[in-house]
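Observations on the three-dimensional arrangement
Listed below, chain by chain, are the residues.
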Amino acid sequence: MKENKRKTGTEYERKAGDYLEENGYEILEYNFRCRTGEVDIIARDGEYLVFCEVKYRSDAKSGHPAEAVDRKKQQSISKCALYYITSRNLMDIPCRFDVIGFEGDTMTVYPDAFDYIGG
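The rules behind these values
- Residues numbered from 1 in each chain as written.
- Predicted model: local features only at pLDDT ≥ 70, side-chain atom pairs only at ≥ 80, totals over all residues.
- Heavy atoms only, no water.
- Phe/Tyr/Trp six-rings, centres within 6.5 Å; stacked < 30°, edge-to-face > 60°.
- Helix = DSSP H or I, 4+ residues; strand = E, 2+ residues; numbered from the N terminus.
- Lys NZ or Arg CZ within 6 Å of the ring centre and 35° of its normal.

In this structure the tally under the stated criterion is seven aromatic pairs. Relative to Y84, the ring of F51 lies with its centre 5.9 Å away and its plane at 85°, an arrangement referred to as edge-to-face. With a gap of 33 residues between them, F51 in strand 3 (residues 48-57) and Y84 in helix 2 (residues 71-87) connect regions that are remote in the sequence. Lying over the aromatic face of Y30, R14 brings its terminal NZ or CZ to 3.7 Å of the ring centre. Across from the ring centre of Y48, 5.6 Å away, lies the NZ or CZ of R96, which sits over that ring.

Printed below as a string of structure tokens:
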């Protein structure tokens, strides 16, 4: 089951990445992992470095996909983003955190969905 979920996650991450590229983003990395967590997509959107979390729900029974990006998940993504920009000496580049939710095949993009959460 877990492998099937991973396959589904990868499929929707690619759909999200395709959408972002069609809208002028440059995809830098998929599934960036570090000690503190993972970021699904890292991209450039103009001057911004964008850290994207992609969430998929087959239906509304499990809640809205964006609701799954709770404070704990935001903190994990924030720490991973900090590691990414620090390790690549990108501290002078403005960043933002986007969430891309899929409910079935309906995609919703939430630009600047949350602020950096340190700690």
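Still more ground to cover, so stick around.
The subject of this paragraph is unusual backbone geometry. Even without being a glycine, N31 presents a positive backbone phi close to 50°. Within the fold, N31 resides in strand 1 (residues 26-34).

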